[in-house]
Amino acid sequence: MSAPAVVVLVVLGCLVSIAYILAAVTVAPVVVYCLLAGLLAGAVLGLAEATRVLGALVDPPRVRTPHDEFRARPAGPLRSYRRDYAWPHYAVRQAGYDLRHVVERCYERVIGWWRAGWRALPRLPRYHVRALEALDGVAETETNPSRAWSVALAWPLLAVPCAALVGVTLGTLAVLVLLAVVVAVVTATSWLLGVAAAGALRAADWRWRAAWRTDTCCPRCYFLVELPVFVCPGGHADLAPAPPGSWRHRLLRPDSQGLWRRRCGCGVSLPARQSSAGARLSARCPKCDSPLAAGTGRATEIRVAVFGAPDAGKTTLVDAVVDRLSVRFPPDRCAVDRPVPGGRDSTRVVGVALQAQRAPQRVQVFDAPGRSLVDREVCASYGFLDETRNFMFVLDPLSLPALRRRVAEAPAHLVPAVRVARHDVADSYEAVVVGLRHRGVATERCRLAFVVSKADLLGLLPGVVAPADDSAAVRRWLAGHGLDHLLTAVGRDFAEVRFFLHGTVDPPPSDPLLWLLRGERVLRREVAGALR
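Reference entry: report on the structure contained in this document. (Residues numbered from 1 in each chain as written. Predicted model: local features only at pLDDT ≥ 70, side-chain atom pairs only at ≥ 80, totals over all residues. Heavy atoms only, no water.)

Things to note about the sheet that holds strand S7 (residues 283-284)
- The three strands lie next to each other as S4-S3-S7, forming an open sheet whose pairing is antiparallel. Every other strand in the sheet has two partners, leaving strand S4 (248-249) and S7 as the edge strands with one partner each.
- Direction of pairing for strand S3 (residues 229-231) relative to S4: antiparallel, over a ladder of two bridges. Looking at the pairing, Phe230 lines up with His249 of S4. (Pairing = 2+ DSSP bridges. Helix = DSSP H or I, 4+ residues; strand = E, 2+ residues; numbered from the N terminus.)

Some thoughts on the pairing of strand S11 (residues 361-367)
- The element S11 is largely enclosed, with a buried count of seven among its seven residues.
- Of the two faces of S11, both are covered, the one formed by Gln361, Val363, Val365 and Asp367 as well as the one formed by Arg362, Gln364 and Phe366.
- In this sheet, S11 lies alongside strand S8 (residues 300-308) in parallel orientation, the contact comprising seven bridges. Counterpart to Glu301 in the pairing with S11 is Arg362. (Buried < 20%, exposed > 50% of the residue type's maximum accessible area, 1.4 Å probe, protein only.)

Re the nonpolar core
- Counting residues in each nonpolar core, the largest one holds 45 residues, and the members touching the most others are Leu385, Tyr429 and Leu478.
- Counting residues per element, this core draws most heavily on helix H12 (residues 425-438), at five residues.
- Ile302, Trp515, Leu517 and Val522 belong to the second-largest nonpolar core, a separate cluster that totals 31 residues. (Core = buried A, V, L, I, M, F, W, Y, C linked by side-chain atoms within 4.5 Å.)

What to know about the sheet that holds strand S12 (residues 390-395)
- Ordered by their spatial adjacency, seven strands build an open sheet running S9-S10-S11-S8-S12-S13-S14, and the pairing between neighbours is mixed. Every interior strand has two partners, whereas the edge strands, strand S9 (334-337) and strand S14 (496-501), have only one. Across this sheet, the average inter-strand angle for adjacent strands is 20°, counted without regard to direction.
- Relative to S12, S8 is paired through five bridges, and the arrangement is parallel. If you follow Ala305 over to S12, its bridge partner there is Phe391.
- Along the sheet, helix H7 (residues 314-326) makes contact with S8, S9, strand S10 (348-354), S11, S12 and strand S13 (447-452), crossing S10 at roughly 5°. (Axes fitted to C-alpha atoms, helices over the stretch in contact; angles between N-to-C directions. Contact = heavy atoms within 4.5 Å.)

A few points about the pattern of salt bridges
- Evaluated as defined, the whole model comprises 24 salt bridges.
- The residue Asp319 makes a salt bridge to Arg338 at a minimum N-O spacing of 3.9 Å. Here the residue Asp319 occupies a position in helix H7, and Arg338 occupies one in the loop between S9 and S10, the gap between them amounting to 19 residues.
- Among the residues examined, Arg338 registers a relative accessible area of 36% and is labelled partly exposed.
- The partner of Lys454 in a salt bridge is Asp396, and the shortest N-O contact between them spans 2.8 Å. One end of the pair, Lys454, is in the loop between S13 and helix H13 (455-458); the other, Asp396, is in the loop between S12 and helix H11 (401-409), with 58 residues separating them in the sequence. Residues Lys454 and Asp396 agree in their burial class; the two are buried.
- Through salt bridges that share partners, Asp319, Asp323, Arg338, Arg348 and Asp367 make up one connected network. (Salt bridge = Lys/Arg side-chain N within 4 Å of Asp/Glu carboxyl O.)

Brief notes about unusual backbone geometry
- Positive phi values are uncommon outside glycine, yet Arg213 reaches one of about 50°.
- By secondary structure assignment, the location of Arg213 is in the loop between helix H5 (148-212) and strand S1 (216-217).

Some remarks on the state of the cysteines
- With the rule as written, the count across this model stands at zero disulfides.
- No disulfide involves Cys288; its nearest neighbouring cysteine sulfur is the one of Cys218, lying 3.6 Å away.
- Using a relative accessible area of 23% as the deciding quantity, one classes Cys288 as partly exposed. (Disulfide = S-S within 2.5 Å.)

As for the packing of aromatic side chains
- Scanning the model with the defined rule gives 13 aromatic pairs in all.
- Ring geometry for Phe450 versus Phe499: centroids 5.2 Å apart, planes at 40°, classification tilted. Pair noted here: Phe450 is in strand S13 and Phe499 is in strand S14, with a separation of 49 residues, a long-range link. Per residue, the accessibility class of Phe450 equals that of Phe499, and both read buried. (Phe/Tyr/Trp six-rings, centres within 6.5 Å; stacked < 30°, edge-to-face > 60°.)

Here's the deal with empty space enclosed by the protein
- Scanning the model with the defined rule gives three cavities of 30 Å³ or more in all.
- Here the largest cavity defines a volume of roughly 50 Å³.
- What lines the largest cavity is simply Ala309, Ala312, Phe393, Val394, Leu395, Asp396, Ser399, Ala421, His423, Val425 and Ser428.
- The element contributing the most residues to the lining of the largest cavity is S12, with three residues.
- Among the residues forming the lining of the largest cavity, the class breakdown is seven nonpolar, three polar and one charged. (1 Å grid on protein atoms, 1.4 Å probe; cavity = no way out; pocket = protein on both sides within 12 Å on 5 of 7 lines; lining within 4 Å. Points joined across faces, edges and corners; volume = space filled by probe spheres on them. Nonpolar A, V, L, I, M, F, W, Y, C, P; charged D, E, K, R; others polar.)

Here it is, written out as structure tokens:
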């Protein structure tokens, strides 16, 4: 480069620097005012976007929907379950969604203004390149225009809009930081209060259910249901976006989807406490999905297991004691459910629902086939035996060796045709009780009604005197027929034992089911009064 060209460039640089300094001193106060105005505008922008997002004025809003909850998997021991199809609490999910949405909208606005200002600058030719080429005597080449000369020539004036944009950016950032702090504090407080409230409500609900023994035994798979699957009464079949199985609420309890009530994805409001849900919703077994009795989750359930040898008269006894129980209540307060037996080898579960003032009470009598009860392996699969505190052991007196000979020797017109149990009496008892103790069931806390069936046939046998309808008399009669070892085992295995007679006699003998129910402490006052 020649010396004259260098001198020209130096002189031009000095003149431009002086002009820039004078321009900067002139616009400096305006820059300060624009910066402050930009801060105020940024604060207004942040507050306006926060108001629009939090007020659901944007379209479309970003929402944590029940579909998102249903697709999510909870952490911890319940990871195999799906979350219920319901709306989550605002502080759990939606607060973070809204904060992120506000940040994204403010970012788009501010970045859009910066980009619009940059694009508004004109593109000028690269004069410095052309000047240097002309001074050097080189032919001019075609170059792409750029915004470099626009910034270099007009930067004192560009400082005003730049200060405004910087102020908008800082003001918006300050509002977003303040909003994030507020959301974090509110969310953390809501989480702490929500966890404490959910824990307290769950503890109260658990204490209530434990006191009134509301857990139910599924009559199909014998699973002890503590938290049933409740069915939403909403029209999920008519909802096109509703996923399959969304009507099942497996975890209906105080949690992140509601402390006192929750809103299903179909719009129906459901109670979050199991005691309230049991009174309004139908329930299903979480293991086999079979329907459970009405009032499950709220109704007190008393389970009675009947066992004994095949043909000992268990089914006849169950029907008789259930009929005697139902006649003690008005028809509108007592409902008996006698399912149709699926076969001789199927377990029959007879349910009696007693309507009380505050909550229903249900009695479930499990009548398993005798041929299965004397099989120790099959008997171990009956889960209702492990979840029962009341037992009835049925003994056929005609199966005793001495009485069996009398039946064989008696004339046919004196003893009607009757099926006599052939299985050993002691083995039919030990097949159930020894298995229970082996599986860790505390039978010493249970009660046993020892029932001698077919008592009406004893008086037809010549030389046989039936015992009186008294527990001590029945026990002495059994001891007199060589069952001392069984009586000793019965007294050792159970906390309380009482002996009964059963037969088609008039007046009817004492009722073993009523004796078992009277020993329960969970009976409502009106139910206990009717059982006296």
